[in-house]
Amino acid sequence: FPVEIPGHLEVVGGPDFLLKLRPNLSCKPGESIPLVSGGFNSWPFSDGSSPAESECQKKLVPMGPICVCFLTGWLAMVISACVLNFHRALLLFVITVAAIFFVVWDHFIPKYEHQIEGLLSPGREFLESHWFWLKWVIWSSLILGVVFCLVSFGGLIVYIILLFLFSKHPSKVRWRPVFWGIGLQFLLGLIILRTGPGCWAFQWLGNKIETFLEYTDAGASFVFGENYTDHFFAFKVLPMVVFFGAVMSVLYYLGLMQWIIRKVGWLMLVTVGSSPIESVVAACNVFFGYTESPLQIRPYLPYLTRSEFHAIMTTGFATIAANVFGTYVSLGISPAHLLTASVMSVPASLAVAKLFWPETETPKISLKNAMKMGMSDSRNILEAASQGASASISLVANITVILIAFLALSSFANAALSWLGSMFDYPQLSFEMICSYIFMPFSFMMGVDWQDSFMVGKLIGYKTFYNELVAYGRLSKLVNLRKEAGPKFVNGVQQYMSIRSETIATYALYGFGNISSLGIAIGTFTSIAPSRKRDIAAVAVRALIAGIISSFMTACIAGILSSTPVDINCHHILENAFASGLPQNTTNVVSCCQNLLSSSVVTGPGEVIPGGNHSLNSLKNCCELLKPSTLNCTWIPDAF
């Protein structure tokens, strides 16, 4: 007996039913509501079954007083904490503001979506009507960027041109997703890297994540003992994967991950203009790996177009999973730059995908279907946490065996190449050297200094032929050497790179784009959608190339926006600081000493040439102040 009574729920029945009336309900007029009897929780049918409650009925649960008390208490706690010490309560304040913003969004967007679209339509019409001359303005700006020696900007243009020339269907390219994707990527990078609040916010968030991951030490020290850091990677780094996996599983159980993915997917849909299914999977790849994200849309995979398959795989190769984020942070990679790369990679990968393989078919999956995501099958939070931790076992084992195998293969390859090179009196031939020459032009186009481009080329080779974990491990060693402030060249061999080159390399290495991931991705997709096996194999290699170039383009944006240190008169600072013979440990002195040590040339005891026309006295004092591990201070002779 469904009835349709605006504002009421009326239970009607025969002799065995009661008549109840409940006013002031929030049901919409004309909405059909299943009837219930007695206590509003049963409806006897002949088979004893009960119909599911409608969405309107679910709203009838009297949660008002509980919610009001909880919200009042929470706000009172936040206000009190902020009044007592705002700096200490900053994290609590940010969480509260973010929660309020998202709740308002959920109620505001569905209600006023058409009005918002109407407000934005004049701008869209202006772009469409004036696109002919606007595109020439854009291209002229790009050419001027190259003329004025903005190498990173020029590199970005070169990558776009190469993608267009080797596109699957160059004449079918829709430029809106391309320009919107790159523009959104540039805007996000501009806000994060070049504005004070944006830079501070991501640096603060990165520090909080780093602190959060340190709670893994409690479990690691209990299981492996107090000296667990003696085996740093096995007992310090890998437990972070387990901890983060448990946290992600809990967030998925609570529905928070699905909510965030829908919002990010919606943002990509309305800005970049990608299809609904591409937008949702691109958002998933920020949090999940390229093998887990397709599972969210498993029922729709057989109906995707080839361009959609290409875009989904490209976004997977251009991003990394959140559960391995802590691994890279623990290696010493900047969490702020990793967070920035994760945000910028989503629109970039969609832009590259739509340029390299444009859409030539009509997508079949609607927005409503694409936004449907499954819920966790866990029965409570504890079960969700345990399932997430257990699921991390395979990932930990996979990381372990890959590192053992690939590092062993790298050592063997270097030995074999050195043996081969010795036949031609060139024993220094190695895998790293080959990669440095192959990928050096790509790294230079990103804006890396010419001197450092060979080292970045080696890292890109490690990432492409092995994986990003090996590459980030090598990069962390270079970062540590720079922080030790030793000489940049020892016996003619470069020891580390500049901070700018390290920053660009961090973005260039971001993503799962490597040859081993290609095989895993093909196997995953074909097992889920075996009927599309040939299409998946056809787009996979192109998707890998697109994913790698997407990371390169993100690095170009980082190169454009990365700030360089302000020049200071180090000669004057060091002379004054060491005038009394006692080093003064200030920020400017340390910075100048680091620059001096990095630019000095050391070939042996007494054979030291200070960089930047500095005196031996300044070099010796800087060495005693910073005590670098790569330089013996007794090698520096006393100044005459």
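Residues numbered from 1 in each chain as written. Predicted model: local features only at pLDDT ≥ 70, side-chain atom pairs only at ≥ 80, totals over all residues. Heavy atoms only, no water.

- By the naming in an unreviewed UniProt entry, the protein goes by Sodium/nucleoside cotransporter and is assigned to Equus asinus.
- The UniProt entry for the protein carries the following comment under Subcellular location (unreviewed entry): "Cell membrane".
- Among the UniProt annotations of the protein, the heading Sequence similarities (unreviewed entry) holds the following wording: "Belongs to the concentrative nucleoside transporter (CNT) (TC 2.A.41) family." (UniProt positions renumbered as here; feature names shortened; annotations may be inferred.)

What about the overall build of the protein?
Piece 1. The helix and strand inventory of the protein stands at 25 helices and 4 strands.
Piece 2. The 640 residues of the protein split such that 46% are buried.
Piece 3. Once local pairs closer than 6 in sequence are excluded, the contacts in the protein between residues at least 24 apart make up 71%.
Piece 4. Of the roughly 32800 Å² that the protein leaves accessible, carbon and sulfur atoms contribute 66%. (Helix = DSSP H or I, 4+ residues; strand = E, 2+ residues; numbered from the N terminus. Buried < 20%, exposed > 50% of the residue type's maximum accessible area, 1.4 Å probe, protein only. Contact = heavy atoms within 4.5 Å. Areas by Shrake-Rupley, 256 points an atom, 1.4 Å probe, with all protein chains shown as cover.)

Notes on unusual backbone geometry
Glycine aside, residues mostly have negative phi, and peptide bonds are mostly found in the trans state.
Piece 1. Positive phi, normally seen in glycine, also occurs at Asp425, with a value near 60°.
Piece 2. Tracing the backbone shows Asp425 in the loop between helix H16 (381–422) and helix H17 (431–445).
Piece 3. Judged by its relative accessible area of 70%, Asp425 is exposed.

Side note on the side chain of Ser551
Piece 1. Here Ser551 is to be found in helix H22 (residues 533–561).
Piece 2. Taking relative accessible area as the criterion, Ser551 reaches 2% and is therefore assigned buried.
Piece 3. When residues no more than four places from it in sequence are discounted, the contact partners of Ser551 are Ala318, Lys463, Tyr507, Ala508 and Tyr510.

Topic: the pairing of strand E3 (residues 601–604)
Along a regular strand, successive side chains alternate from one face of the sheet to the other.
Piece 1. Taken together, the 2 bridges between strand E1 (residues 489–490) and E3 define a ladder with parallel strand orientation. Its bridge partner lying in E3, Val490 is registered against Val602.
Piece 2. The sheet contact formed by E3 and strand E4 (residues 607–609) spans 3 bridges and is antiparallel. When the bridges of E4 are listed, Val602 appears paired with Val608.
Piece 3. Linking two consecutive strands that pair antiparallel, namely E3 and E4, is a turn of 2 residues; a positive phi of about 80° is found at Gly606 within it. (Pairing = 2+ DSSP bridges.)

A closer look at the state of the cysteines
Piece 1. Across all of its chains, the model carries 2 disulfides by this definition.
Piece 2. In this model, Cys593 is linked to Cys622 through a disulfide, with the two sulfur atoms separated by 2.1 Å. Negative torsions about the S-S bond denote left-handed disulfides, and the value of about -65° found for Cys593 with Cys622 makes this one left-handed. Here the residue Cys593 occupies a position in helix H24 (residues 587–599), and Cys622 occupies one in helix H25 (residues 616–626), the gap between them amounting to 29 residues.
Piece 3. A relative accessible area of 0% means that Cys593 is categorised as buried. (Disulfide = S-S within 2.5 Å.)

Details of the environment of Tyr159
Piece 1. Secondary-structure assignment places Tyr159 in helix H5 (residues 151–165).
Piece 2. Spatially, the C-alpha atom of Tyr159 lies 9.3 Å from that of Phe442, the residues being 283 residues apart in sequence.

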